[in-house]
Amino acid sequence: MTDPSTSASELKEVMWQIMAEVGKPNIADYFPVLKKIDPQGSKRRTELYFSKMFDIFDGLIKQRLQLRTQPGATTCNDVLDAILDVVEDKSEDLDISLVKHLFLDFFVAGSETTSSTLEWAMGELLRNPEKLLKAQTELHLVIGKGKKIEEVDISRLPYLQATIKETFRMHPPIPLLLPRKAEADTQVGGFTIPKGAQVLINVWAIGRDPAFWASPNDFMPERFLGSDVDVRGQDFEIIPFGGGRRICPGLPLATRMLHLMLGSLLNAFNWRLEDGVTVENMNMEDKFGITVQRAQPVKAVAVPA
Ligand code: HEM
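Residues numbered from 1 in each chain as written. Predicted model: local features only at pLDDT ≥ 70, side-chain atom pairs only at ≥ 80, totals over all residues. Heavy atoms only, no water.

Quick look at the coordination of the iron atom of the ligand now. Ideal donor angles around a metal are set by the shape: a four-donor tetrahedron calls for 109.5 degrees, a six-donor octahedron for 90 or 180 degrees. No other protein atom reaches the iron atom of the ligand as a donor apart from C248 (SG), found 2.3 Å away. You can see C248 is positioned in the loop between helix 8 (203-207) and helix 9 (251-268). (Donors = N, O, S within 2.8 Å, 3.2 Å for Na, K, Ca; no water. Helix = DSSP H or I, 4+ residues; strand = E, 2+ residues; numbered from the N terminus.)

Our focus in this paragraph is the UniProt feature "binding site: heme" (unreviewed entry) in the protein. Per the UniProt annotation, the sites labelled "binding site: heme" (unreviewed entry) are C248. Judged by relative accessible area, which is 28%, C248 ranks as partly exposed. (UniProt positions renumbered as here; feature names shortened; annotations may be inferred. Buried < 20%, exposed > 50% of the residue type's maximum accessible area, 1.4 Å probe, protein only.)

Taken together, 20 residues form the shell around the ligand, and within it L177, R180, P240, R246 and C248 come nearest. Here a nitrogen atom of the ligand sits 3.4 Å away from a polar atom, N or O, in the main chain of A109. In the environment of the ligand, an oxygen atom lies 2.3 Å from a nitrogen or oxygen atom belonging to the side chain of R180. The element best represented in the shell around the ligand is helix 5 (residues 96-127), accounting for five residues. Considered class by class, the residues forming the shell around the ligand number eleven nonpolar, seven polar and two charged. (Near = heavy atom within 4 Å. Polar contact = N/O pair within 3.5 Å; in protein donor to acceptor, adjacent residues only side chain to side chain. Nonpolar A, V, L, I, M, F, W, Y, C, P; charged D, E, K, R; others polar.)

As assigned here, the protein comprises domain 1 (1-94) and domain 2 (130-304). Domain 1 and domain 2 are separated by 27 Å when their C-alpha centres are compared. (Domains from an automatic or database assignment.)

Relative to the helices and strands, P216 is located in the loop between helix 8 and helix 9. Judged by its relative accessible area of 13%, P216 is buried. When the C-alpha positions of P216 and D228 are compared, they lie 18 Å apart, and in sequence the two are twelve residues distant.

A few words on the packing of aromatic side chains. Using the criterion set out here, one finds seven aromatic pairs in the structure. Both rings, one in F103 and one in F106, keep their centres 5.9 Å apart while their planes meet at 65°; by these two values the pair is edge-to-face. Taken as a pair, F103 and F106 lie in helix 5 at a separation of three residues, close to a single helical turn. Considering the side-chain rings of W213 and F224, the 5.7 Å spacing of their centres and the 55° angle between planes classify their relative orientation as tilted. Remark: F224 occurs in the loop between helix 8 and helix 9 and W213 occurs in the loop between helix 8 and helix 9; sequence separation between them is eleven residues. Residue W213 shares its accessibility class with F224, and that shared class is buried. Grouping aromatic residues by their ring pairs yields a cluster made of F57, F103, F106 and F107. When the ring centre of F54 is taken as origin, the NZ or CZ atom of K100, which lies over that ring, is 5.2 Å away. Residue placement shows R169 over the ring face of W213; its charged tip is 5.5 Å from the ring centre. (Phe/Tyr/Trp six-rings, centres within 6.5 Å; stacked < 30°, edge-to-face > 60°. Lys NZ or Arg CZ within 6 Å of the ring centre and 35° of its normal.)

Attention shifts here to the side chain of T167. Position of T167 relative to the elements: it lies in helix 7 (residues 158-170). Dropping the residues within four chain positions of it, T167 is found in contact with T117, W120, A121, P172 and F219. (Contact = heavy atoms within 4.5 Å.)

On the surface, D89, E92, D93 and D95 cluster together into a patch of negative charge. You can see D93 is positioned in the loop between helix 4 (79-89) and helix 5. (Patch = residues over 30% accessible without salt bridge, like charges linked within 9 Å, V, L, I, M, F, W, Y side chains within 5 Å. Areas by Shrake-Rupley, 256 points an atom, 1.4 Å probe, with all protein chains shown as cover. Salt bridge = Lys/Arg side-chain N within 4 Å of Asp/Glu carboxyl O. Lys, Arg positive; Asp, Glu negative; His and termini not counted. Charge placed at Lys NZ, Arg CZ, Asp CG, Glu CD.)

Another point: unusual backbone geometry. Excluding glycine, most residues fall at negative phi; most peptide bonds, likewise, are trans. Not every positive phi belongs to a glycine, and D38 is a case in point at roughly 50°. Mapped onto the elements of the fold, D38 is located in the loop between helix 2 (27-30) and helix 3 (42-69). Residue D38 is classed as buried on the basis of its relative accessible area, which comes to 8%. Unusually for a residue other than glycine, S215 sits at a positive phi of about 40°. Within the secondary structure layout, S215 lies in the loop between helix 8 and helix 9. Assessed through its relative accessible area of 40%, S215 is described here as partly exposed.

Okay, the pattern of salt bridges next. The final tally for this structure, using the stated rule, is 18 salt bridges. Ionic pairing is found between D38 and R44, a salt bridge with its closest N-O pair at 3.8 Å. R44 sits in the exposed class, given a relative accessible area of 56%. The partner of R156 in a salt bridge is D153, and the shortest N-O contact between them spans 2.9 Å. With relative accessibility at 45%, the residue R156 sits in the partly exposed group. Each member of the salt-bridge network shares a partner with another, and the members are R64, R68, D78, D81, D85 and E88.

Shown next as C-alpha cells:
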C-alpha cells in the first residue's frame, strides 16, 4: 500500500464489486431459510470484498500510525488524522479496531453515491446545452467567471441548486433506498404490510411518477425554481437520502460537496462532448448495483473558461 494511486484504484475496484454484489437480487432475502446455504454465493463474495477493503484500510492506518510516531512528524490534517486523534484522546468510545469499519461505512456509503450524482449531473447538462449555459451564466454573474466557489455562495445559486435536485429526482443514486423491516402490521395506501416484511422504497419510480412530476423524463431544473421542495426527507416525492430516523447522515456533506464540485467544474471550464458523441446519440442508460451508475461514463473535454 505504498503507492497511493495503486491503493486508490484497487479501492475503487473493490468498492464497485461490493456495490454490484449488494445490489443484486438475492433469493435468500426472500426465503430467509436459505441464508445459511447462501445459494448464490453472495454472502461469500461480499465477505471476501469486505476483507479486501479491510486489508487496504489496515495498510493505510498502519502507515499513518508509523508516520505519526516519527520525530517532527507533521499532521496530514485529514479525516484519518482527525479520527486517530479521537482514538488517542480516549474521550470517545472509539477503539482503533473500529476505525477500519468506520472507513468502510464512509467509503461504501459516501463515494459512489456522490461521484455518480456528479457524473449524472454533468451528463444531463451536456445533453441539454441550454441548461448548461443557464447554470454557467448564473455562476459567471454571481461568482465571476473562473473564480473559486465557497460554501457560503451556494445559497446565492438557485439554478445550481435546482440542477442538483433535478439530478436527484431522475437519478437517485440508491434507487430502492436501503431495505427496511416493518415493525408492526401497517396499512399503506390500502395495502397491508405485515410485521417483519422487508420493505423497499422505489425512489427512482417516485421521481418519474407523472402523478407528481410534469414531463418526468425531461431534465428540467426550472421545476424547482421558486419551489420549497427539497431532498432533506420532508417532501416524499423526492427522497434520495431516505427519511426519518435512519436518513442518510452524510446528507449535509454530500450536498455541499456536490454543489461545490459541480459549480467549480462549470465555472472554471467550458465543456464539449468528444469521440463522436453528440447530444442526440449520448447513451443515458444506467448500470444497476445498489447504486445506479451510468452504463457508459461521461467523456467530455474541459476547455478553460
Ligand atoms: C449523493 C450522496 C448520497 C446519497 C444519495 C445517499 C443516500 C443514502 C440513503 C438512501 C441511505 C439509506 C437511508 C434510509 O434507509 O432511509 C443512506 C445511508 C447512509 N449514508 Fe448516505 N448517501 C449519500 C452520501 C453519503 C456520504 C457522503 C456519507 C458519509 C461520508 C454517507 C453515509 C451514510 C451512512 C453511514 C448511512 C447508513 C445510516 C444508517 O444505517 O443509519 N452517505 N445514504
